[in-house]
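# Inside the fold
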Amino acid sequence: MIDDNARSRALEIRGLPPSMLDASLLADYVATGAAIDLAELCRKSDVSLKQVTHIVVARGLDAIDRLPGYAVTTDIFELAEHIYAIGATRQQWQQVRTRHKPGYLEGRVSRQDLKRLHTDQTASQRHYARIFFWAWAVFWDDDFLNRMMARLDGSIIASLPVELLTEEVCFNAVARSGMSLRYVPDSLRSLPVCIRAVQNEPAAIAFTPARFRDQIRQLQHIDFG
C-alpha cells in the first residue's frame, strides 16, 4: 500500500529533470512502491536499469519487493537468490518470490470476481496491468505474455526485457496493436511480423525495415501513401 509520504516522494522524483536523476535517486523511487515507469525514467536520464536494480537488491528484500516485475530478469533474480536464499532471510525471500509469480497473482481473484471484472473494462485493465507489472520477468513465458496482451494491449512489449522477446511474442503483439512494431527490436522485425503489423495498422509501415516495404505493399495491395 502506498502511503501519502511515499506518493509525494514518488511525484517529487518523477517531476525532476532527467539530468538530476541518478541510480541512487531512482533506487529511492523504487522504494516508494510506485516505480512502474522506472525503465522509462532510466532511458530519459541515461541511467542503466540494471545499475538501479543492483542498488535495490543490495538494500534488502523489502526494496526488492517493490521493483516492477520487468526489472527482475534472470540475472537479477539469481543475484538476489544468492544473497537472500540462505540463513535468516531464507523464509522471507521465499515469501517475496512467491508473491511475484504469475500463478500467484492470477489466482488471487475468484471466478465470480473475474466475471465481474470482465464487465468493467477499466477495472479489468487495472487488474491485469497490476499482474503484468508485478509478476517478475524471470517467471514470464510466452503463454503468460500472450494472456496479458489479450487483456491489455500489444504495446506492453515496450516493457519486456530484450532477452524475453521472441518472434512469436512480437507477432502476437503487432497482431493486437500494429503500432507496437515500434517497440520490436530491429533483429525481430521479420517479414511476417511486419506484414501482420501493417495488416493491423497501415501506418505501421513507417516502422518496417526499408528492404521490406515494397514487398509488403505488393502483398497487401494497400495504398500507404
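Notes on the structure in this doc start here. Owing to the predicted nature of the structure, the values given are computational and were not obtained by experimental measurement.

## Some remarks on the pattern of salt bridges
One pass over the structure, following the stated rule, counts eleven salt bridges. With a shortest N-O distance of 3.5 Å, Asp-214 and Arg-217 are connected by a salt bridge. Here Asp-214 and its partner Arg-217 are both found in helix 14 (residues 210–220), three residues apart, which amounts to about one turn of the helix. Asp-214 sits in the exposed class, given a relative accessible area of 53%. Judged by relative accessible area, which is 31%, Arg-217 ranks as partly exposed.

## So, unusual backbone geometry
Peptide bonds are trans in most cases, and residues, glycine excluded, mostly fall at negative phi. At Asp-46, a position not held by glycine, the phi torsion is positive, near 55°. Relative to the assigned elements, Asp-46 resides in the loop between helix 3 (38–45) and helix 4 (49–59). Assessed through its relative accessible area of 73%, Asp-46 is described here as exposed.

## A short note on helix 4
Here helix 4 has its buried residues at Val-52, Thr-53, Val-56 and Val-57. The arc that holds every buried residue of helix 4, seen down its axis, measures 140°, which confines them to one face. At the N-terminal boundary of helix 4, the capping side chain belongs to Ser-48, with an oxygen 3.2 Å from the backbone nitrogen of Lys-50. Residue Gly-60 follows helix 4 closely and has a positive phi angle near 120°.

## Here we look at the packing of aromatic side chains
Overall, the coordinates contain nine aromatic pairs when judged by the stated rule. Between the aromatic rings of Trp-136 and Phe-139, the centroid separation amounts to 6.2 Å while the plane-to-plane angle is 10°, which identifies the pairing as stacked. When its relative accessible area of 0% is taken as the criterion, Trp-136 is described as buried. Overall, Phe-139 belongs to the partly exposed group, its relative accessible area being 21%. Grouped by ring-pair contacts, the aromatic residues Tyr-70, Phe-132, Phe-133, Trp-140 and Phe-144 constitute a single cluster. Against the face of Phe-139 rests Lys-101, its NZ or CZ located 5.6 Å from the ring centre. A cation sits over an aromatic face here: Arg-211 above Phe-212, 4.4 Å from the ring centre.

## A short note on the environment of Val-162
Here Val-162 shows up in the loop between helix 11 (142–151) and helix 12 (167–176). Residues Val-162 and Pro-185 lie 23 residues apart in sequence; the distance between their C-alpha atoms is 7.9 Å.

## Here we look at the packing of helix 6 (residues 74–84) against helix 7 (residues 90–99)
At a minimum axis distance of 9 Å, the contact between helix 6 and helix 7 shows a crossing angle of 155°. When the axes of helix 6 and helix 7 are compared, the pair comes out roughly antiparallel. Residue-level contacts link Phe-77, Ala-80, Glu-81 and Tyr-84 of helix 6 to Arg-90, Trp-93 and Arg-97 of helix 7. Class assignment for the residues of the contact of helix 6 with helix 7 results in four nonpolar, no polar and three charged.

## Concerning helix 1 (residues 4–14)
Residues that lie three or four places apart on an α-helix share one face, since the helix turns once every 3.6 residues. For helix 1, the set of buried residues is Ala-6, Ala-10 and Ile-13. When helix 1 is viewed along its axis, its buried side chains cluster within an angular range of 70° and face the same direction. With respect to the buried face of helix 1, the exposed residues turned more than 90 degrees away are Asp-4, Asn-5 and Leu-11. Check the buried side of helix 1 and you find it contacts helix 2 (23–31).

## Observations concerning the nonpolar core
Counting residues in hydrophobic clusters, the biggest one holds 66 residues, and the most contacted among them are Leu-38, Val-52, Phe-132 and Trp-140. When residues of this core are assigned to their parent elements, the largest contribution, six residues, is made by helix 2. Setting aside residues up to four positions removed in sequence, Phe-132 forms contacts with Trp-140, Phe-144, Leu-145, Met-148, Leu-152, Ile-156, Ser-159 and Leu-160.

Conventions and cut-offs
- Residues numbered from 1 in each chain as written.
- Predicted model: local features only at pLDDT ≥ 70, side-chain atom pairs only at ≥ 80, totals over all residues.
- Heavy atoms only, no water.
- Salt bridge = Lys/Arg side-chain N within 4 Å of Asp/Glu carboxyl O.
- Helix = DSSP H or I, 4+ residues; strand = E, 2+ residues; numbered from the N terminus.
- Buried < 20%, exposed > 50% of the residue type's maximum accessible area, 1.4 Å probe, protein only.
- Arc of directions from axis to C-beta.
- Polar contact = N/O pair within 3.5 Å; in protein donor to acceptor, adjacent residues only side chain to side chain.
- Phe/Tyr/Trp six-rings, centres within 6.5 Å; stacked < 30°, edge-to-face > 60°.
- Lys NZ or Arg CZ within 6 Å of the ring centre and 35° of its normal.
- Axes fitted to C-alpha atoms, helices over the stretch in contact; angles between N-to-C directions.
- Parallel < 35°, antiparallel > 145°, perpendicular 65-115°, else oblique.
- Contact = heavy atoms within 4.5 Å.
- Nonpolar A, V, L, I, M, F, W, Y, C, P; charged D, E, K, R; others polar.
- Core = buried A, V, L, I, M, F, W, Y, C linked by side-chain atoms within 4.5 Å.

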